[in-house]
Amino acid sequence: MVLLHGFPEFWYGWYRQIPALAEAGYRVVVPDQRGYNRSDAPQAVAAYDMDRLVDDVCAVIDAADREQASVVGHDWGAMVGWHLAHAHPERLRCLAVLNVPHPHVFRETLRSSPTQLLRSTYALFFQLPVVPEWLLGRDDGHLLAALLRWSSRPDTFTDTDLAIYRKSWRRSGRLRGMLHWYRAAARRALRTAPPTDPIDVPTLVIWGAQDVALSRRMAAPSAAMCTDGRLEVLDDATHWVQHDAPAIVNRLLLDHLGVGNGRMGERGKGRGGEMSNS
């Protein structure tokens, strides 16, 4: 199993999931993705194109001497998961995505929803050179830490968590690498449209309904992009759903993998069903 973190975390963003998945018998691989923490952080924006990021995951699966893996992604890690399912479905046993819409659904929502467009304006700011790195990194990452606290529940990130994240942000070139994900995605959006063909990999979408950046309205259409898709909405969770509700997320993941309490049998045969959890 490969767990893919998002912005601005690193492998540590899964520390509440790793023990439960390992105890269930999985070999859990939790990489720092390109540009983050201890991974390489190339200087060129082109090095963070989605095709490169997908290839990184395939290389991780190869390094584990496996043909396939179950992949779980949150935030940008979920976006990598969506693209991986389109580009190399043969490498996936199953997919779980946390609080990121399918790329086609996201694109169409940005075109039709002024509210979601407004919520996503921070990504436009990230397109500027140098300034975002300076602003997010000054005062030992004070603003970046404040954004994590603002977008989450009061108990989501402890002082210890933020100290660990700050250490990773201080590594040379890492803030630039982290922001290059946004810059590369914007360039890609100008030259190519997201895929629209159905995803045939069994897919679980977990969505924290209190996400301040990404509207819940994108969750069901994202699950509907899958021939074998299922949606679970956690009403009280934020964008940081695996931190807010670790026990529920762990159970959902294990059920999706077929080692839980049998709820795999409830998977819909059509495109996307929704269940709500509080």
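What counts, and where the lines are drawn
Residues numbered from 1 in each chain as written. Predicted model: local features only at pLDDT ≥ 70, side-chain atom pairs only at ≥ 80, totals over all residues. Heavy atoms only, no water. Helix = DSSP H or I, 4+ residues; strand = E, 2+ residues; numbered from the N terminus. Rg over C-alpha atoms; globule rule 2.2 N^0.38 Å. Buried < 20%, exposed > 50% of the residue type's maximum accessible area, 1.4 Å probe, protein only. Areas by Shrake-Rupley, 256 points an atom, 1.4 Å probe, with all protein chains shown as cover. Lys, Arg positive; Asp, Glu negative; His and termini not counted. Charge placed at Lys NZ, Arg CZ, Asp CG, Glu CD. pLDDT = per-residue confidence, 0-100. Contact = heavy atoms within 4.5 Å. Pairing = 2+ DSSP bridges. Expected span 1.5 Å × (residues − 1). Arc of directions from axis to C-beta. Core = buried A, V, L, I, M, F, W, Y, C linked by side-chain atoms within 4.5 Å. Salt bridge = Lys/Arg side-chain N within 4 Å of Asp/Glu carboxyl O.

1. Some remarks on the overall build of the chain
Link 1 in the chain: Within the chain, the secondary structure is distributed over 12 helices and six strands.
Link 2 in the chain: Here the C-alpha atoms of the chain give a radius of gyration of 17 Å, agreeing with the 19 Å that 2.2 N^0.38 yields for 278 residues.
Link 3 in the chain: For the C-alpha atoms alone, the extent of the chain along its principal axes is close to 50 × 40 × 40 Å.
Link 4 in the chain: When each of the 278 residues of the chain is scored for burial, the buried share is 53%.
Link 5 in the chain: Working note: accessible area of the chain is about 12100 Å², and carbon and sulfur atoms make up 55% of it.
Link 6 in the chain: Both charge centroids of the chain, one from 32 positive and one from 31 negative side chains, sit 3 Å from each other.

2. Description of unusual backbone geometry
Link 1 in the chain: Put simply, Phe-7 and Pro-8 share a cis peptide bond, and its omega is -5 degrees.
Link 2 in the chain: By the element assignment, Pro-8 lies in the loop between strand S1 (2-4) and helix H1 (18-23).
Link 3 in the chain: One non-glycine residue, Asn-37, adopts positive backbone phi at about 45 degrees.
Link 4 in the chain: Looking at where Asn-37 falls in the secondary structure, it is placed in the loop between H1 and helix H2 (50-63).

3. Thoughts on the confidence of the model for the chain
Link 1 in the chain: In the predicted model, the chain carries a mean pLDDT of 93, and the fraction of residues at 70 or more is 93%.
Link 2 in the chain: Contacts from residues 260-278, a stretch scored under 50 in pLDDT, to residues over four places away or in other chains number 57 contacts.

4. Considerations on the pairing of strand S4 (residues 203-208)
Link 1 in the chain: With respect to burial, S4 is a largely interior element, six of its six residues being buried.
Link 2 in the chain: By the alternation rule, side chains of S4 split into Thr-203, Val-205 and Trp-207 and Leu-204, Ile-206 and Gly-208, which are all buried.
Link 3 in the chain: Bridging between strand S3 (residues 92-98) and S4 involves four bridges; their strand directions are parallel. Among the inter-strand pairings, Val-97 is bridged to a residue of S4, identified as Val-205.
Link 4 in the chain: Relative to strand S5 (residues 229-234), S4 runs parallel, the two being bridged by six bridges. Along S5, the bridge assignment pairs Trp-207 with Val-233.

5. Let's talk about the environment of Asp-200
Link 1 in the chain: By secondary structure assignment, the location of Asp-200 is in the loop between helix H9 (174-191) and S4.
Link 2 in the chain: Taking the C-alpha atoms as reference, Asp-200 lies 8.6 Å from His-86; in sequence the two are 114 residues apart.

6. Focus on H2
Link 1 in the chain: Over its 14 residues, H2 runs 20 Å from end to end, which matches the ideal 20 Å to within 8%, given 1.5 Å per residue.
Link 2 in the chain: For H2, the complete set of buried residues consists of Met-50, Leu-53, Val-54, Val-57, Cys-58 and Ile-61. The buried residues of H2 occupy one face: seen down the axis, they fall within an arc of 145 degrees.
Link 3 in the chain: Those residues of H2 that are buried are in contact with S1, strand S2 (69-74), helix H3 (76-87) and H9.
Link 4 in the chain: Directly beyond the C-terminal end of H2, a positive phi value near 60 degrees is found at Asp-65.

7. Quick notes on the nonpolar core
Link 1 in the chain: Membership of the largest hydrophobic core comes to 60 residues, with the highest contact counts inside it found for Phe-7, Val-80, Trp-82, Leu-95, Trp-169 and Trp-207.
Link 2 in the chain: A total of seven residues in this core trace back to one element, the largest contributor, which is H3.
Link 3 in the chain: Once you skip the residues sitting within four places of it in the chain, Leu-95 turns out to touch Val-71, Gly-81, Trp-82, Ala-85, Val-201, Pro-202, Thr-203, Leu-204 and His-256.
Link 4 in the chain: Within the second largest apolar cluster, 21 residues are counted, among which are Ala-96, Leu-98, Ala-237 and Leu-254.

8. Observations concerning the pattern of salt bridges
Link 1 in the chain: Applying the stated rule across the entire model yields 15 salt bridges.
Link 2 in the chain: Across the salt bridge formed by Arg-111 and Glu-108, the nearest N and O atoms sit 3.2 Å from each other. Taken together, the residues Arg-111 and Glu-108, both in helix H4 (residues 103-112) and three residues apart, mark about one turn of the helix.
Link 3 in the chain: When its relative accessible area of 59% is taken as the criterion, Arg-111 is described as exposed.
Link 4 in the chain: Taking relative accessible area as the criterion, Glu-108 reaches 32% and is therefore assigned partly exposed.
Link 5 in the chain: Here Arg-166 ties to Asp-140 by a salt bridge, and the two come within 3.9 Å at their closest N and O atoms. In this pair, Arg-166 is assigned in helix H8 (residues 159-169) and Asp-140 in helix H7 (residues 131-150), connecting sequence segments 26 residues apart.
Link 6 in the chain: Salt bridges sharing common partners tie together Asp-49, Asp-51, Arg-188 and Arg-191.

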